[in-house]
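Structural description and commentary
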Amino acid sequence: MTKVQHGGGIDRAIALYGGHKSEWLDLSTGINPTPYPIPDMPDDVWHRLPDESLLEACLMAACSYYNVPEGAAIVAAPGTQAIIQRLPELLPTPDIAIVSPTYNEYERCYTNAGTQVHKAADFDAALKASNVVVVGNLNNPDGRSVGAYKVKQGALSGAQIIVDEAFADVAPDCSLVGEAGGSGLLVLKSFGKFFGLAGLRLGFAIGEPAKIDALRMSLGPWAVSGPALFIGEKAMRDNVWINEARSTLSANRIRLEAMLSAYGFAIEGSTDLFVTASRSDSNDVAKVLAQNHILVREFDYAPEWIRFGFPRHDNDFARLEAALAQAD
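A few points on the structure. Since the structure is predicted, the reported quantities are computational estimates derived from the model, not experimental observations. (Residues numbered from 1 in each chain as written. Predicted model: local features only at pLDDT ≥ 70, side-chain atom pairs only at ≥ 80, totals over all residues. Heavy atoms only, no water.)

Before going further, it helps to spend a moment on the packing of aromatic side chains. Aromatic ring pairs are described here by two measures, namely the spacing of the ring centres and the angle between the planes. Enumeration over the complete set of coordinates arrives at 15 aromatic pairs. Aromatic side chains Phe-299 and Trp-305 sit 6.1 Å apart centroid to centroid with 85° between the ring planes, which places their arrangement in the edge-to-face category. No difference in accessibility class separates Phe-299 from Trp-305, as the two residues are buried. Measuring from ring centre to ring centre gives 6.4 Å for Tyr-301 and Trp-305, while their planes differ by 75°; the resulting arrangement is edge-to-face. Owing to a relative accessible area of 13%, Trp-305 belongs among the buried residues under this scheme. Within the aromatic cluster, the residues linked to one another by ring pairs are Tyr-36, Tyr-65, Tyr-66, Phe-191, Phe-194, Phe-195, Phe-204 and Trp-241. Its guanidinium or amino end placed over the ring of Phe-194, Arg-246 lies 5.6 Å from that ring's centre, counting from NZ or CZ. Between Arg-255 and the ring centre of Phe-317, over which it is positioned, the NZ or CZ distance is 4.0 Å. (Phe/Tyr/Trp six-rings, centres within 6.5 Å; stacked < 30°, edge-to-face > 60°. Buried < 20%, exposed > 50% of the residue type's maximum accessible area, 1.4 Å probe, protein only. Lys NZ or Arg CZ within 6 Å of the ring centre and 35° of its normal.)

Encoded structure:
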């Protein structure tokens, strides 16, 4: 089995460096540190299986929020990971090209299905390597975006393209959802990152109706909990909160990039949800941060890289800067 690393391993960090969860500053994930406020919910949202009207309201909100075009279909899932797990069944292929580095669950799931995986440096190279392509937009961990024209031409040429837009909420103009609906394009959306509610487990797939219907059948009835549908619908219609969150996250990215640059890091890539930076002694820096109960994301394939999520408050920024100064 392929070993996979993710952010968010606070329990493992505590086992190594001690402390309690309340003492740790988790910057290892690209999740909005200021979550959408949980609204009051009727008791029956908890007590009953999700009604069709609850699912429909959430899907309608998602269609509006993501600008899903006519002719495209959408399905809700308990997080995009549940969709990724089903891709080898939904889109079987002898080989697949993944624009890399990116979220490593695509490689794991297809490898475990016996598929040959080609890692490509960019989208053009991926199209040459396979007729099925995975690309991040905005990509994790380097923040790259792929142009809509390139993807559309690739799909029109007969390729099947899977676009991971888990981090695209902060840059809606870059989204490829507007190209979905025709054959050859499947776009995945993650609710929890931008809205800061990853524990809710809510994600969406958008694409041609036949493939979305097949995915819906694979997910089965009541795939998403009632509370997730209720909160998702409210959040995706809250334009005031959405606009304020985008503004705050953009300012925090600029602030974090400036701090990291001041301590000798080179900025390798970023979105308004994370900054990936490099320094020759990044392993030592990450260790000092962990000793100060600050968790960041390291990478086996790029040991000089660290991905930093955003601190939430001024005192969290100050705490990070003090630890960076200690590691300098």
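Attention now goes to the environment of Asp-142. Among the secondary structure elements, Asp-142 is positioned in the loop between strand S5 (132-136) and helix H7 (148-156). Overall, the relative accessible area of 12% leaves Asp-142 in the buried class. A distance of 2.8 Å separates the side chain of Asp-142 from the side chain of Asn-139, its partner in a polar contact. (Helix = DSSP H or I, 4+ residues; strand = E, 2+ residues; numbered from the N terminus. Polar contact = N/O pair within 3.5 Å; in protein donor to acceptor, adjacent residues only side chain to side chain.)

Read from one edge of the open sheet, 4 strands run S9-S10-S13-S12, paired in antiparallel fashion. A strand with exactly one partner marks an edge of an open sheet, and here the two such strands are strand S9 (266-271) and strand S12 (297-298). When strand S10 (residues 274-278) meets strand S13 (residues 305-308), the two strands line up antiparallel, connected through 4 bridges. Bridge assignment links Ala-277 to a residue of S13, and that residue is Ile-306. In the packing of helix H10 (residues 239-262) onto the sheet, contacts are made with S9, S10 and S13, and the angle to S9 comes to roughly 165°. (Pairing = 2+ DSSP bridges. Contact = heavy atoms within 4.5 Å. Axes fitted to C-alpha atoms, helices over the stretch in contact; angles between N-to-C directions.)

A few words now on the side chain of Arg-307. Structurally, Arg-307 is set in strand S13. Buried and unpaired, Arg-307 has Asp-26 as its nearest opposite-charge partner, separated by 7.9 Å. At 2.6 Å, the side chain of Arg-307 and the backbone oxygen of Ser-28 are in polar contact. Leave out the neighbours within four places in its chain, and Arg-307 touches Leu-27, Ser-28, Thr-29, Gly-30, Asn-140, Pro-141, Phe-274, Val-275, Thr-276, Val-296, Arg-297 and Phe-299. (Lys, Arg positive; Asp, Glu negative; His and termini not counted. Salt bridge = Lys/Arg side-chain N within 4 Å of Asp/Glu carboxyl O.)

So, about unusual backbone geometry. Cis geometry is found at the peptide bond from Ser-100 to Pro-101, where omega equals 0°. Here the amide bond leading from Asn-140 into Pro-141 is cis, since omega sits at 20°, within 30 degrees of zero. Of note, Trp-222 is a non-glycine position whose phi angle comes to about 55°, a positive value. Relative to the assigned elements, Trp-222 resides in the loop between helix H8 (209-219) and helix H9 (226-236). Of note in the backbone geometry, His-293 takes a positive phi value of approximately 60° without being a glycine. Counting through the fold element by element, His-293 comes out in the loop between helix H11 (282-291) and strand S11 (294-295).

Okay, the packing of H11 against helix H12 (residues 314-327) next. It is at 9 Å that the axes of H11 and H12 come closest, and there the two elements cross at 130°. In this view, H11 runs oblique relative to H12, as classed from their interaxial angle. Viewed along their axes, H11 and H12 form a crossing whose handedness is right-handed. Counted together, Val-285, Val-288 and Leu-289 of H11 and Leu-320, Ala-323, Leu-324, Gln-326 and Ala-327 of H12 form the full contact between these two elements. Counted by class, the contact of H11 with H12 contains 7 nonpolar, 1 polar and no charged residues. (Parallel < 35°, antiparallel > 145°, perpendicular 65-115°, else oblique. Left-handed = near helix turned anticlockwise from the far one by under 90°. Nonpolar A, V, L, I, M, F, W, Y, C, P; charged D, E, K, R; others polar.)

This part covers the nonpolar core. Residues Phe-195, Phe-204 and Met-236 are the most contacted members of the largest nonpolar core, which totals 82 residues. Phe-195 has contacts with Pro-35, Tyr-36, Tyr-65, Asp-169, Ala-235, Met-236, Trp-241 and Ile-242, leaving out every residue within four places of it along the chain. (Core = buried A, V, L, I, M, F, W, Y, C linked by side-chain atoms within 4.5 Å.)

Another point: the environment of Asp-314. Positionally, Asp-314 belongs in helix H12. Taking C-alpha positions, Asp-314 is 43 Å from Ile-212, a pair spaced 102 residues apart along the chain.

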